[in-house]
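Residue-level structural notes
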Amino acid sequence: MEAKKLDAIIFGATGFTGKYTVLEAVSVLKGLSWGIAGRNQEKLQSVLKEMSAKTKTDLSQTPIIIADVNNEASLLEMAQRCRIVVNTAGPYRFFGENVVKACIESGTHHVDVSGEPQYMESIQLKYNDLARERGVYVISACGFDSIPADLGVVFVEKNFDGVVNSVENFVHFGVKGGTKGTGSASVNTGTWESAIHAIANRSESIAIRRKLFPDRLPKFHPELKPRAALSIANEVGKVILPFPEPDLPVVMRSQRYLYENEKKRPVQMQAYMLYPSRWVAGVVVFLAAVIGILAKFSLGRQLLLKYPSFFSGGMASRDGPSEARMERTFFRMTMKATGWPKSQKLVESSTPLSKTLTVQITGPNPAYGSACVALLSTAKTILNESDKMPSTGGVLPPGAAFSKTSLISELEKHEHGIKYEIVANK
């Protein structure tokens, strides 16, 4: 007798991100049928036992599916067992495409937490038309990269009584009560490895984007120019540096989609990281420069991957962040939107910007808490609200995919979810 199809399967459940996705699934996927998948039966059972203890929930009867990224038949069998695959097995540059192919062939939706622009854009270039034909949604960047930012722009536009010209996003990471006793690590080496390969292959994005987007977006008036690095942003009283990818390219992919398919005026965006002083920001610049140089060469990449703690200043470790660190870590985004009120007759090149809206987006444990809630919430939204999503499917960024759904409300329901609120409207 054929097994009943599950609503969702969490693939890569024995990895660091995968384990915490299982933890959050107990609440986020409540009422849905779900299972876990990976290569090793014993490790998968161990994850269920560990998360049963953490959540005080009996997960012993959770279905286990054996699947390997290097075994296409096993991926196909996994994809055929469910309506959506929640893929936590990165780096996606190496392990993502086979899972996407299996999902599209099976007519199964796919979400992941990739923060790798080259992977996301190459998948869109290769598979968007086929995914649409098969009625399959393939959506990356469904974790901290880039649900807060991409849905943040959606939230801004829904609450801006007029026309948005531009958004500046100021991102702050913190640890409640300080870092003493929590260790220095904030990410595990899987996340570090994905970042290193994304940096090393950044130039690939240029060629991919030329093929993916042969037509340029219209010129913006007035243009939002980037602020100077190491300057102080008066809005938040902190020193700023440009925020690293992928938020900006993900947001612009959504804006392009909405412009091309809904004729909506695209929103410009710049994003910045916040630091308490120029000294701290300067150290970050130095480390980033060293990593950027080493990542260009094979030997340099080997060193970066072999000694993650040293080259990251202690931020990355093989064991990942401690439980205490994750419980106390939080993020806060301050988005300042500028544009024109609804009553303003626009002659864009000469009409002064006269309206602003400031939004704050907050959440706990961005790498492995709110990120996992966001990932699972996107899966749940696809299952429940596909009628509110664009087209019949396709490879989409989250802002374009979920702009008309209740995803933001879903994110706000959960203990480790993401909150969106208006703090100033002028």
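Scroll up to find the structure.
All of the points below concern the structure found in this document. (Residues numbered from 1 in each chain as written. Predicted model: local features only at pLDDT ≥ 70, side-chain atom pairs only at ≥ 80, totals over all residues. Heavy atoms only, no water.)

Looking at the pattern of salt bridges
Stated precisely, the cut-off is as follows: In the sections that follow, a salt bridge refers to a side-chain nitrogen of Lys or Arg positioned within 4 Å of a carboxyl oxygen of Asp or Glu. Helix and strand definitions follow DSSP, with helices as H or I runs of at least four residues and strands as E runs of at least two, each counted in order from the N terminus. Each residue is placed in one exposure class: buried if its accessible area under a 1.4 Å probe, protein chains only, is under 20% of its type's maximum, exposed if it is over 50%, and partly exposed if it falls in between.
Under the counting rule described, the total for this entry stands at 16 salt bridges. Between Glu168 and Arg227 there is a salt bridge, with its nearest N and O atoms 2.8 Å apart. Here Glu168 is found in strand β7 (residues 162–175), whereas its partner Arg227 is found in the loop between α9 (204–212) and β9 (232–233), with 59 residues between them in sequence. We classify Glu168 as buried; its relative accessible area is 10%. A salt bridge links Lys413 to Glu410; its shortest N-O distance comes to 3.2 Å.

Considering the sheet that holds strand β3 (residues 64–66)
Inclusion rule: Each pair of strands is called paired provided DSSP finds at least two bridges between the two strands. Note on method: axes are straight lines fitted to C-alpha atoms, helices fitted across the in-contact stretch only, with angles between N-to-C directions ranging 0 to 180 degrees. Here, residues are in contact when the closest pair of their heavy atoms is within 4.5 Å.
Overall, parallel pairing links the seven strands, which are arranged β3-β2-β1-β4-β5-β6-β15 in an open sheet. Two strands bound the open sheet, and with one partner strand each, they are β3 and β15 (394–396). Within this sheet the neighbouring strands show an average axis-to-axis angle of 20°, counted without direction. Strand direction decides the pairing type here: strand β2 (residues 34–38) and β3, joined by three bridges, are parallel. Residue pairing in the sheet places Gly38 in a bridge with Ile66 of β3. Lying on the sheet, helix α3 (residues 72–80) is in contact with β1 (6–11), β2, β3 and β4 (82–87); it crosses β4 at an angle near 125°.

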